[in-house]
Amino acid sequence: MRVMHVLKTVSKAAPTSLHRSASKTSTRGRKSPVQRATAGAITITHADRVVYPGESITKGDVAAYYQRVMTSLLPNVVKRPLSVIRCPEGARNTCFFQKHPMGGLHHVGTIELKEEKGSLATYMYAKNASSILELVQFGAMEFHVWSTRIDRLETTDRVVFDLDPSPRVTWERIVAAARLLKVQLDELELTSFVRTSGGKGLHVVLPVNPACSWDLVKDFSHAIATRMATGQPQEFVDTASKTKRAGKIYVDYLRNTRGATSIANYSLRTRKNAPVATPLRWEELSKIEGGDAFTIRSLPRRLSRLRKDPWENIDSVKQTLSAAMKKLEVGA
DNA sequence: GAATACA
DNA sequence: TGTATTCAACGCATA
DNA sequence: TATGCG
Ligand SMILES: [Mn+2]
Ligand SMILES: [Mn+2]
């Protein structure tokens, strides 16, 4: 069984189905009945190729995973500039970060946008399930999004605090860091959300609605990061240097700049056990084992168990940074 | 993984 | 037709 | 200007 057809989603209510074809010769010569019958579907070639060697997880498993989580993945991905990490020969071989579209894509949106140097470049964005699955066919494993939307690139609707621990920081300290951050945001009357990164750390994310300037989210998140690093210098740093980070947690506020990306909810990571960046309820943090607690194996079970996405209401929250920013300036 | 160059 | 080669990012901060 | 970093 070496090719697989992944059908387009018909509607949110109807789950997608997945067809496997055992035919190896059908791809040669005239189009086979199978290919013709699945017009509009995405073909996954080399579905049996092992892409996570330690776990014997195949490219077909990755496609099936993304199909399974699709209705949860898409809301926070669609119509946002999208980059991928591709590993055409598996997570243990050469992987690369890709932001520009490659030849052969038919279901991925493209947008010309101005880069920092002033020139235009073409970026990708997901339009629907087919966009994601086509990128999987091209070897995409991880999905990274901008904190903005393609129809209003100069404003942002997210603040992302990326808590990046040095290797020896314990999980308990990372959880404490996220909770401390939440308390500070609560005091500023800002609602925040938390997710595992799929790596070692956590992300704390707040919606900004209506969307605001890049300058404002950067200044705000920088001010918070600096306050944490100043208040508890034994625990936090606000610069990326690994040397200065030793034994501490880097509060990475630089996700909050035009062109920066963050891992998308429900994206896999190219790490051992195929972990998933997983949105959580704050109350769950006490029983989570680590930033890689949910994996390609366990996440679908979690999804079946939950009645709604923990971040379901993120875009219903109306809040801005202006009042909070003023309080910070006064307190500084 | 796909496009290209070449045997 | 088969096989080898090449390519697939960018912006910020710091030193 | 050249890395380190995500
Ligand atoms: Mn991180
Ligand atoms: Mn290859």
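This is a predicted model, so every value here is computed, not measured. (Residues numbered from 1 in each chain as written. Chains lettered and ligands numbered in written order. Predicted model: local features only at pLDDT ≥ 70, side-chain atom pairs only at ≥ 80, totals over all residues. Heavy atoms only, no water.)

**As for the coordination of the manganese ion (ligand 1)**
- At 2.1 to 2.3 Å from the manganese ion (ligand 1) lie its protein donor atoms, namely D162 (OD) and D164 (OD).
- Under the relative-accessibility criterion, D162 is labelled buried at 9%.
- Residue class for D164 comes out partly exposed when judged on its relative accessible area of 22%. (Donors = N, O, S within 2.8 Å, 3.2 Å for Na, K, Ca; no water. Buried < 20%, exposed > 50% of the residue type's maximum accessible area, 1.4 Å probe, protein only.)

**A short note on the domain arrangement of chain A**
- Examined at the domain level, chain A breaks down into domain 1 (4-22 + 32-145) and domain 2 (155-262 + 269-331).
- Just the C-alpha atoms count here: the centres of domain 1 and domain 2 sit 26 Å apart.
- Facing the 23 residues of domain 1 at the interface are 21 residues of domain 2.
- For the domain 1 and domain 2 pair, buried surface summed over both sides reaches about 1700 Å², with 49% attributable to carbon and sulfur atoms.
- When residues of domain 1 are sorted by the area they lose upon contact with domain 2, Y65, R68 and E142 head the list and together hold 28% of the total.
- Applying the counting criterion to the domain 1 and domain 2 interface returns two salt bridges. (Domains from an automatic or database assignment. Contact = heavy atoms within 4.5 Å. Buried area = accessible area lost by both parts, 1.4 Å probe. Salt bridge = Lys/Arg side-chain N within 4 Å of Asp/Glu carboxyl O.)

**Focus: the side chain of R302**
- With respect to the helices and strands, R302 occurs in helix α7 (residues 299-305).
- When sequence neighbours within four positions are dropped, the list of residues in contact with R302 reads T278, P279, L280, E284, F294 and P310. (Helix = DSSP H or I, 4+ residues; strand = E, 2+ residues; numbered from the N terminus.)

**A few points about the protein's contact with DNA strand B**
- Neighbouring residues of DNA strand B: T45, H46, R49, K59, R86, P88, G103, G104, Q137 and F138.
- Restricting attention to atoms of DNA strand B within 4 Å of the protein, one finds that 80% of them are sugar or phosphate atoms.
- At a separation of 2.8 Å, a phosphate oxygen of DNA strand B approaches a polar side-chain atom of H46.
- Within the side chain of R86, a nitrogen or oxygen atom sits 3.5 Å from a sugar or linking oxygen of DNA strand B.
- Residues of the surface near DNA strand B, tallied by class, amount to two nonpolar, five polar and three charged. (Near = heavy atom within 4 Å. Polar contact = N/O pair within 3.5 Å; in protein donor to acceptor, adjacent residues only side chain to side chain. Nonpolar A, V, L, I, M, F, W, Y, C, P; charged D, E, K, R; others polar.)

**Section: the UniProt feature "domain: DNA ligase D polymerase" (unreviewed entry) in chain A**
- Under the UniProt annotation, "domain: DNA ligase D polymerase" (unreviewed entry) lies at residues 58-311.
- With 28% helix and 27% strand, residues 58-311 has its two end C-alpha atoms placed 29 Å apart. (UniProt positions renumbered as here; feature names shortened; annotations may be inferred.)

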